[in-house]
Protein chains: 2
Amino acid sequence: MSVLIVGSTALDSIKTPNAENPRLLGGSASHAAVAASFFAPVKLVGVVGEDFPKKYITLYKKHRIDLGGLQIQPGKTFHWSGEYEVNMNNRRTLLTELGVFEKFTPHLPNAYKQSAFVLLANIAPALQHHVLDQMTKPKFTVADTMDLWLNIAMDDLQRLIKRVDGFVLNDSEAHQLTKEDNVFAAMRKIHKMGPKYVIIKKGSHGSILSSPKGFFICPAYPLHKVVDPTGAGDSFVGGMMGYLSTAKGGIDANIRRAMIYGSVAASFCCEGFGLNRTTKATRAHIEQRVKELGLLTKF
Amino acid sequence: MSVLIVGSTALDSIKTPNAENPRLLGGSASHAAVAASFFAPVKLVGVVGEDFPKKYITLYKKHRIDLGGLQIQPGKTFHWSGEYEVNMNNRRTLLTELGVFEKFTPHLPNAYKQSAFVLLANIAPALQHHVLDQMTKPKFTVADTMDLWLNIAMDDLQRLIKRVDGFVLNDSEAHQLTKEDNVFAAMRKIHKMGPKYVIIKKGSHGSILSSPKGFFICPAYPLHKVVDPTGAGDSFVGGMMGYLSTAKGGIDANIRRAMIYGSVAASFCCEGFGLNRTTKATRAHIEQRVKELGLLTKF
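Quick summary incoming for the structure in this document. (Residues numbered from 1 in each chain as written. Chains lettered and ligands numbered in written order. Predicted model: local features only at pLDDT ≥ 70, side-chain atom pairs only at ≥ 80, totals over all residues. Heavy atoms only, no water.)

Moving on: the overall build of chain A. Helix and strand content of chain A: ten helices and 13 strands. For chain A, the C-alpha radius of gyration of 18 Å lies close to 19 Å, the compact-globule estimate for 299 residues. In terms of principal-axis extent, the alpha carbons of chain A reach across some 50 × 45 × 40 Å. Counting over 299 residues, chain A shows a buried share of 60%. Of the contacts formed within chain A by residues at least 6 apart in sequence, a portion of 64% connects residues at least 24 apart. Approximately 12,200 Å² of chain A is accessible, and the part contributed by carbon and sulfur atoms is 51%. On chain A, the mean spot of the 36 positive side-chain charges and the mean spot of the 25 negative ones are 8 Å from each other. (Helix = DSSP H or I, 4+ residues; strand = E, 2+ residues; numbered from the N terminus. Rg over C-alpha atoms; globule rule 2.2 N^0.38 Å. Buried < 20%, exposed > 50% of the residue type's maximum accessible area, 1.4 Å probe, protein only. Contact = heavy atoms within 4.5 Å. Areas by Shrake-Rupley, 256 points an atom, 1.4 Å probe, with all protein chains shown as cover. Lys, Arg positive; Asp, Glu negative; His and termini not counted. Charge placed at Lys NZ, Arg CZ, Asp CG, Glu CD.)

And the structure:
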């Protein structure tokens, strides 16, 4: 089955202590879509401006991503610029130009509305709602978010959390949302808001699932060097949803393994700027790391 | 086989936002010894003052800990007082009274010198050296440390790292020691200093082993509430060494499972003040959590 993915489609200019990379293909939907494309056909929903480089359209197409839901609007593509510190954990935003995103309303082509798997990647919760409103009867919906929406769109976000099957956020966002320092206590509170599946991302420490079948402690793939972590969380949910949408059996039977695939997708993302490394990965490379993660956690 | 454990034997006064607990049994050797005692006979090396409560001697004995190496000296027992913030991660030291520790020289009874497994729990590296100097031919030696010794006894510590089979430290200490932000890169540097086995503790994020047989990602047992994390790292290494000393087969065949046992010992430690919860645990409780950790990481 295919995965519908909505989120930001952007140009990222990323500075690290060692390099500067202007106008890379970025945005939550781009990272999630490429990661999901290793496992399943992807239908992309987003908006770019007339300045959006053709080579990035070619790249999406190389990954067989359906662009029927990608609007090309007069104006500029959403542009984000950020700088990482030496430790690659702390980053600060240098610039945010919303461009065509400012007036974006996602319109789903008819062929998209019946998608069984829906990933509402990080984007304004109002737009995530708008996509859900157009879906006929999705089988499994997951939303990701970021601290910005907790700060400026909490009401929309809380309504969204009620509507989805799975909710994904990082540990500091979970703390901000629930006022709980303990991640397990935080997950319990988030379940009470609605979702059956709660996933907390912890960067290089991996992620944790809380589900009807209990917890799953998902490791991060060991990386000796992180080049650029931008989009790692998006790659994680994208890889997870891509794998889930093609796995035989129910969600509970597959979600743990799906997270492992997401973790591996995120590891490739971190090894290059933007999507440079991820787009060079193959399914065989992915399977190799999944196998390694199995051995790395066995006792 | 028995485990020889040297470290601090102290009285801990611990404040948290909800409670104040004066003069609990504490110190790295106390936590490590009790954790190890669930698996193996323990020989304790340490010093206490004449004020050391009899009930704590009784407690050691209840755990069948050999006290032949515990000196009782005129003067006061080492007393540490600290305060935790609401999130239980940040703590500050309110008071450190070294007492009899100031002039402590560990003397090993003859029966101790042949111990095959030696845990140099957190204590001044000079004292850890002094214990190693007295050992006949230990099979497996592990040292733990803390940031204090990195700050004030780096030379002693670096000489110690060369002498041991395994070295254990937390992630911020690994960064301080190697100047590496990436834990895997840090572990590689520490191997070059000598030890075949390097373990980095990451608190609630678990721990990582780097060994001749590769990496092992060891989860922390999920706790919904942490009452007092003091001694969790000591319980971890104690449980690990206790299990290792009785496991059949070589170190490589058992160290992963040993870390899981250590992780479980640390989880009990966190659930009560001082050793209150750990001393109520049974081997059956431990086995139950080990089984759970197996299920929590399976995919």
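All names here are of chain B. You can see I14 is positioned in strand β2 (residues 10-15). Owing to a relative accessible area of 1%, I14 belongs among the buried residues under this scheme. The contact partners of I14, leaving out residues within four places of it in the chain, are A19, E20, N21, L24, W80, G82, Y84, D228, T230 and F273.

Time to look at the side chain of S115 of chain B. Residues and elements named next belong to chain B. Structurally, the position occupied by S115 is in the loop between β7 (91-97) and β8 (117-120). Judged by its relative accessible area of 4%, S115 is buried. In this structure the side chain of S115 is engaged in a polar contact, spanning 2.8 Å, whose partner is the backbone oxygen of Y112. If we ignore the near neighbours within four places in the chain, the residues touching S115 are S2, L4, K43, M135 and P138. (Polar contact = N/O pair within 3.5 Å; in protein donor to acceptor, adjacent residues only side chain to side chain.)

Right, let's talk about the nonpolar core for a bit. Judged by nonpolar contacts, the single largest core of 103 residues is most densely connected at I5, L119, F140 and M241 of chain A together with L120 and F167 of chain B. Element by element, the count of residues in this core is highest for helix α9 (residues 251-270) of chain A, at eleven residues. Residues contacting F167 of chain B, with those up to four places away along its chain left out, are A143, T145, L157, I161, L177, I190, P195, Y197, V198 and I199 of chain B. Core analysis: the second largest hydrophobic core is formed by 98 residues, V131, A143 and A174 of chain A together with F140 of chain B among them. (Core = buried A, V, L, I, M, F, W, Y, C linked by side-chain atoms within 4.5 Å.)

To continue, consider the packing of helix α6 (residues 171-178) of chain B against helix α7 (residues 183-193) of chain B. A packed helix pair is summarised by two numbers, namely the angle formed by the two axes and the spacing between the axes. Residue and element names in this part refer to chain B. Where α6 contacts α7, the two axes come as close as 10 Å, and the packing angle between them is 60°. Between α6 and α7, the crossing angle belongs to the class labelled oblique. Crossing geometry of α6 relative to α7 is assigned as left-handed. Residue-level inspection shows D171, A174, L177 and T178 of α6 in contact with α7, the latter providing V183, A186, K189, I190 and M193. (Axes fitted to C-alpha atoms, helices over the stretch in contact; angles between N-to-C directions. Parallel < 35°, antiparallel > 145°, perpendicular 65-115°, else oblique. Left-handed = near helix turned anticlockwise from the far one by under 90°.)

Before going further, it helps to spend a moment on the sheet that holds strand β2 (residues 10-15) of chain A. Residues and elements named next belong to chain A. A sheet is described by the order of its strands in space; here four strands give the open sequence β3-β2-β6-β7, paired in mixed fashion. Of all strands in the sheet, those with a lone pairing partner are β3 (20-26) and β7 (91-97), marking the two edges. In this sheet, neighbouring strand axes are inclined to one another by 20° on average, regardless of whether the strands run parallel or antiparallel. Where helix α2 (residues 54-62) meets the sheet, it contacts β2 and β3, and its direction lies at approximately 50° from that of β3. (Pairing = 2+ DSSP bridges.)

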